[in-house]
Amino acid sequence: MEMQLPPHEGDELSVVDMHTGGEPLRIIHSGYPEVKGDSVLSKRRYVREHLDHLRRVLMLEPRGHYDMYGALVVDSELPEADLGVLFMHNEGYSTMCGHAVIALGRFAVDYKLVKEPQSPETQVNIHCPCGLVKAFVEYSEGKTGGVRFLSVPAFTFATDVTVSLERFGDVTVDISYGGAFYAFVDAKRFGLDVTTSRTRDLVDAATAVTNAVKSQVKLYHPTSDDLAFLYGTILTDGKDDYSSDPTANMCVFAEAQVDRSPTGSGVTARVALQYHRGLIQLNQTRTFQSGATGSQFTGRAVEETKCGDFKAVVVEVSGRAFYTGVSRFVQEPEDKLTHGFLLK
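Residues numbered from 1 in each chain as written. Predicted model: local features only at pLDDT ≥ 70, side-chain atom pairs only at ≥ 80, totals over all residues. Heavy atoms only, no water.

Trainee: Account for the overall build of the protein, naming residues and giving values.
Mentor: In terms of regular secondary structure, the protein is built from five helices and 18 strands. In terms of overall dimensions, the protein is globule-like: its C-alpha atoms have a radius of gyration of 20 Å, near the 20 Å expected for 344 residues. Its C-alpha atoms put the protein at 60 × 50 × 40 Å along the principal axes. Residue burial in the protein is summarised as follows: out of 344 residues, 55% are buried. Accessible surface for the protein amounts to roughly 15100 Å². Of this, 47% is attributable to carbon and sulfur atoms. Looking at charge distribution, the protein has the averaged site of its 34 positive side-chain charges lying 2 Å from that of its 45 negative ones. (Helix = DSSP H or I, 4+ residues; strand = E, 2+ residues; numbered from the N terminus. Rg over C-alpha atoms; globule rule 2.2 N^0.38 Å. Buried < 20%, exposed > 50% of the residue type's maximum accessible area, 1.4 Å probe, protein only. Areas by Shrake-Rupley, 256 points an atom, 1.4 Å probe, with all protein chains shown as cover. Lys, Arg positive; Asp, Glu negative; His and termini not counted. Charge placed at Lys NZ, Arg CZ, Asp CG, Glu CD.)

Below, the structure written as structure tokens:
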């Protein structure tokens, strides 16, 4: 028997759910009102100011959960873009998300947002709030596979920055940009291991770093003030010297949200940081492992470039995304919890 939607008022919200390395992505397929704005960045501002109730409906409980992540496909002002995208999470809206780009690459080909797929790879130009990201989707005999993408210019903002944490004292961090800004610190500074310590302890340490950097360090991005904010903290295993062995990290972003994947924009920023320190060379591939799930991405710096006055690199990140289902969500006016809630 075909499942029918129950009686409801208003539009239904249709989504496609995927995951990349264990990190969820809820792609909003239809049901959103018109997103106004003459650029992807202005559209990001518009949804934050006028449509945030729908982010809460789809990201938070009872339809989502504390660590849900979403993507809303929008039109781009760039003629070369196949699609624009707005990223959303438990707190608001990001400027870049690598695990989402990997999933969206498959989605764009499978849902025919790209008119003529090519073998062995189909290029998908995805306009993110941070800029145009080029994804390359494995394609053979009508099936999509792994995805790699080329980042926007990634750069090290500052190294060896000392911030004061109430619980942990002075901590030295590096700050790097991979479409979003992250603080990096070795988990051993807190007596922790990113692969074996309790997630709660890792989250507490990372959140303390994030709060300290936000209050004590002023960030700057050469192209837009909308990009000049700290997205989160990435705790690492400290293995930054080049090696063929995987190096592990865990990213805690937004409102203490835990990334299950190795974090695509975080890998981008970490590669830029390692290149800045002379620890890797162009086209040396490293494997990055999630401390949460063990899933892996690869990353390598492929080209030197500039971002304003910052020396930067273009980073190639590769991974796999998988479909988990499709859903149609509705709202009933009598439901007092219909707009979403979080348990912290």
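Trainee: Hey, could you go over the side chain of Thr156 for me, with residue numbers and the actual values?
Mentor: Considering the arrangement of structural elements, one finds Thr156 in strand β9 (residues 154-165). A polar contact of 3.5 Å, which involves the side chain of Thr156, links it to the backbone oxygen of Ala272. (Polar contact = N/O pair within 3.5 Å; in protein donor to acceptor, adjacent residues only side chain to side chain.)

Trainee: Give me the lowdown on a nonpolar patch on the surface, citing residues and values where you can.
Mentor: The grouping of Tyr111, Leu113, Tyr323 and Val326 at the surface amounts to a nonpolar patch, some 340 Å² of accessible area in total. Relative to the helices and strands, Tyr323 is located in strand β18 (residues 321-331). (Patch = residues over 30% accessible without salt bridge, like charges linked within 9 Å, V, L, I, M, F, W, Y side chains within 5 Å. Salt bridge = Lys/Arg side-chain N within 4 Å of Asp/Glu carboxyl O.)

Trainee: Which residues make up the environment of Glu141, and what values do they have?
Mentor: Relative to the assigned elements, Glu141 resides in the loop between β7 (131-140) and β8 (143-150). Residue Glu141 is classed as exposed on the basis of its relative accessible area of 79%. Distance in space between the C-alpha atoms of Glu141 and Gln118 is 9.9 Å, their sequence separation being 23 residues.

Trainee: Account for empty space enclosed by the protein, naming residues and giving values.
Mentor: A full pass over the atoms with the stated rule returns one cavity of 30 Å³ or more. Together, 13 residues line the largest cavity, and Cys97, His99, Tyr231, Asp259 and Thr263 are the ones closest to its centre. For the lining of the largest cavity, the secondary-structure elements that each account for two or more residues are α3 (98-110) and α5 (264-276). Per-class residue counts for the lining of the largest cavity are six nonpolar, five polar and two charged. (1 Å grid on protein atoms, 1.4 Å probe; cavity = no way out; pocket = protein on both sides within 12 Å on 5 of 7 lines; lining within 4 Å. Points joined across faces, edges and corners; volume = space filled by probe spheres on them. Nonpolar A, V, L, I, M, F, W, Y, C, P; charged D, E, K, R; others polar.)

Trainee: Tell me about helix α4 (residues 199-216), and name the residues and values.
Mentor: Over its 18 residues, α4 extends 26 Å from the first C-alpha to the last, a length consistent with the 26 Å expected when each residue adds 1.5 Å. Buried residues along α4 sit in contact with β9, β10 (169-177), β11 (181-186), β12 (230-236), β13 (247-253) and β14 (257-258). (Expected span 1.5 Å × (residues − 1). Contact = heavy atoms within 4.5 Å.)

Trainee: Give me the lowdown on a negative patch on the surface, citing residues and values where you can.
Mentor: Residues Glu9, Glu332, Glu334 and Asp335 make up a contiguous surface patch of negative charge. Position of Glu334 among the secondary structure elements: in the segment after β18. Residue Glu334 is classed as exposed on the basis of its relative accessible area, which comes to 63%.

Trainee: Describe the pattern of salt bridges, naming the residues involved and giving the relevant values.
Mentor: Going through the model one piece at a time under the given rule, you end up with 16 salt bridges. Here Arg277 makes a salt bridge to Asp174, at a shortest N to O gap of 2.9 Å. Residue Arg277 is found in the loop between α5 and β15 (286-290), and its partner Asp174 is found in strand β10; the two are separated by 103 residues along the sequence. Assessed through its relative accessible area of 37%, Arg277 is described here as partly exposed.

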